[in-house]
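An overview of the molecular structure
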Amino acid sequence: MKKTLLSAAIGAAVLGFASAASAATLDNVKSKGFVQCGVNTGLAGFAAPDSGGNWTGFDVDYCRAVAAAIFGDPSKVKYTPTTAQVRFTALQSGEIDLLARNTTWTISRDTALGLNFRYVNYYDGQGFMVPKSLNVNSALELSGAAVCVQSGTTTELNLADYFKANNLQYNPVVFEKLEEVNAAYQAGRCDVYTTDQSGLYSLRLSLSNPDEHIILPEIISKEPLGPAVRQGDDQWFDIVTWAGYALVQAEEFGITQANVDEMKNSTNPDIRRFLGVEADTKIGTDLGLTNDWAYNIVKGVGNYGEVFERNIGANTPLKIQRGLNALWSKGGLQYAPPVR
Ligand SMILES: N[C@@H](CCC(=O)N[C@@H](CS)C(=O)NCC(=O)O)C(=O)O
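Under an unreviewed UniProt entry, the name given to the protein is General L-amino acid transport system substrate-binding protein, and the organism recorded is Xaviernesmea oryzae. Taken directly from UniProt, the Sequence similarities (unreviewed entry) text for the protein runs: "Belongs to the bacterial solute-binding protein 3 family."

Right, here's the structure in full:
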């Protein structure tokens, strides 16, 4: 009996501490009325401002999904453009509430940098782009090449490892800013441009002559890209994570932006629970949100497949196939744990 009381007291103290610490970001976001989202400085299809200063893209839609979950309004976001180099400081210092930007989940970022990752919104890998005029068909033919690469990325180390492992020589041409890498490649200061394949698809379109460049077949690394938050705020981490899973689960259920209202009348208890209409559900309140948080995401932003197709899919200039980012039930890796 004594033991039970003692452990209950310890449990309550731990819980009290956890909830005090974890309430910070959500409370702060609610009181300021928007999510401050760190995005790319400009990667068409992923995050880029249009001529009117409105941000759009696959990563931007992630910020919008988090805002929809909290406020029922996807427009309650302010965007902070972050370079590869400054993105982690922006998050650590509290300048941004979350980082939604082609960022690879690695052990050092997850530990030494004090960040938390869980959901992967884009399974990617590093590739190479070369001018067709170079007449190269494989990365293994690149010995002696000058390779353009951006600092502060996983790209630099992968590049070094790949060339070392294959006993190839290369000259790294390293820049901090994306515009500098792009300009150097466009001007022919390097033979090769290396970064995540998704980035290459986007960057190729920004060249003056995209058709004159090819992306080589080799993928030399695993780049699981996903949103990151600071360590120490579990509730916020859960909200940011589950916003991504809600997008995926909605696609699996066949719930779209267009049919989400109709789906509220579904007789499937799983769907009803997901949309917050099943009696006694606590799927939102347990997160610190309302029970219609997932409904609000789909209503405001769509499901994962819709977000993908709208921004980067086969009918967009980027023409990216779902590949590894198809649902698990369709041969891909996108899999949401049960929303129940
Ligand atoms: N996924 C890699 C690379 C991400 C990355 O930052 N890529 C560059 C090249 S596509 C980029 O987005 N730069 C934009 C910028 O710094 O503004 C990482 O997390 O380090």
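**A short note on the packing of aromatic side chains**
Applying the stated criterion across every chain, the model contains 19 aromatic pairs. Ring centres of Phe128 and Phe163 lie 6.3 Å apart, and the angle between their planes is 80 degrees; this geometry places the pair in the edge-to-face category. Separated by 35 residues along the polypeptide, Phe128 in strand β8 (residues 126–131) and Phe163 in helix α5 (residues 154–165) bring together distant segments of the chain. Under the relative-accessibility criterion, Phe163 is labelled buried at 0%. In textbook terms, an aromatic cluster arises when at least three aromatic residues are bridged by ring pairs, as seen for Phe46, Phe58, Tyr122, Tyr304 and Phe308. Positioned above the aromatic ring of Phe34 is the side chain of Lys78, whose terminal nitrogen or guanidinium carbon lies 4.3 Å from the ring centre. Residue placement shows Lys264 over the ring face of Tyr295; its charged tip is 3.9 Å from the ring centre.

**Side note on the domain arrangement of the protein**
Entries for the protein in the domain assignment read domain 1 (2–123 + 225–235), domain 2 (126–221) and domain 3 (253–330). Domain 1 and domain 2 are separated by 30 Å when their C-alpha centres are compared. Every contact between the two is made by 15 residues of domain 1 and, on the other side, 12 residues of domain 2. In total, about 1000 Å² of surface goes out of reach between domain 1 and domain 2, with carbon and sulfur atoms giving 53% of it. Three residues stand out in domain 1 for area buried against domain 2, namely Leu43, Ala84 and Gln85, and they jointly supply 38% of the buried area on that side. Where domain 1 meets domain 2, there are 0 salt bridges. In this structure, the connection of domain 1 to domain 2 is made through 3 residue pairs in polar contact (both at pLDDT 80 or more). Partitioning the side of domain 1 that touches domain 2 into residue classes produces 6 nonpolar, 7 polar and 2 charged.

**Thoughts on helix α12 (residues 304–311)**
Inspection of α12 places Tyr304, Gly305, Val307, Phe308 and Asn311 among the buried residues, and these make up the whole buried set. Viewed along the axis of α12, the buried residues span an arc of 165 degrees, placing them on a single side of the element. In the core, the buried residues of α12 are packed alongside α2 (58–71), β7 (122–124), α8 (234–253) and α11 (293–301). Among the residues of α12, the N-terminal cap falls to Asn303, whose side-chain oxygen and the backbone nitrogen of Gly305 are separated by 2.9 Å.

**Focus on the state of the cysteines**
All told, the structure shown has 2 disulfides when counted by the stated rule. Two residues share a disulfide in this structure: Cys37 and Cys63, whose sulfurs sit 2.0 Å from each other. Here Cys37 and Cys63 share a disulfide; its torsion about the S-S bond, -75 degrees, makes the bridge left-handed. Separated by 26 residues along the polypeptide, Cys37 in strand β1 (residues 35–39) and Cys63 in helix α2 bring together distant segments of the chain. On the accessibility criterion, Cys37 (0% relative accessible area) is buried. On the basis of relative accessibility, which here comes to 0%, the residue Cys63 falls in the buried class. The residue that forms a disulfide with Cys148 is Cys190, at a sulfur-sulfur distance of 1.8 Å. Measuring the twist about the S-S bond at about -60 degrees, one finds the Cys148-Cys190 disulfide to be left-handed. Here Cys148 is found in strand β9 (residues 145–150), whereas its partner Cys190 is found in the loop between α6 (178–186) and β11 (192–196), with 42 residues between them in sequence. The same class applies to Cys148 and to Cys190, which are both buried.

**Side note on the sheet that holds strand β10 (residues 170–175)**
The strand order across the open sheet built from 5 strands is β10-β9-β11-β8-β12, with neighbouring strands paired in mixed fashion. The open sheet is flanked by β10 and β12 (213–215), the only strands paired with a single partner. Pairs of neighbouring strands in the sheet enclose a mean axial angle of 30 degrees, with direction left out of account. In this sheet, β12 lies alongside β8 in antiparallel orientation, the contact comprising 3 bridges. In the sheet register, Met129 faces β12, and the bridge partner there is Ile215. Those strands touched by α5 are β8, β9, β10 and β11, and its axis lies near 80 degrees from that of β8. Packing of α6 onto the sheet brings it into contact with β8, β9, β10, β11 and β12, and relative to β9 it is tilted by some 160 degrees.

Procedures and definitions
Residues numbered from 1 in each chain as written. Predicted model: local features only at pLDDT ≥ 70, side-chain atom pairs only at ≥ 80, totals over all residues. Heavy atoms only, no water. UniProt positions renumbered as here; feature names shortened; annotations may be inferred. Phe/Tyr/Trp six-rings, centres within 6.5 Å; stacked < 30°, edge-to-face > 60°. Helix = DSSP H or I, 4+ residues; strand = E, 2+ residues; numbered from the N terminus. Buried < 20%, exposed > 50% of the residue type's maximum accessible area, 1.4 Å probe, protein only. Lys NZ or Arg CZ within 6 Å of the ring centre and 35° of its normal. Domains from an automatic or database assignment. Contact = heavy atoms within 4.5 Å. Buried area = accessible area lost by both parts, 1.4 Å probe. Salt bridge = Lys/Arg side-chain N within 4 Å of Asp/Glu carboxyl O. Polar contact = N/O pair within 3.5 Å; in protein donor to acceptor, adjacent residues only side chain to side chain. Nonpolar A, V, L, I, M, F, W, Y, C, P; charged D, E, K, R; others polar. Arc of directions from axis to C-beta. Disulfide = S-S within 2.5 Å. Pairing = 2+ DSSP bridges. Axes fitted to C-alpha atoms, helices over the stretch in contact; angles between N-to-C directions.

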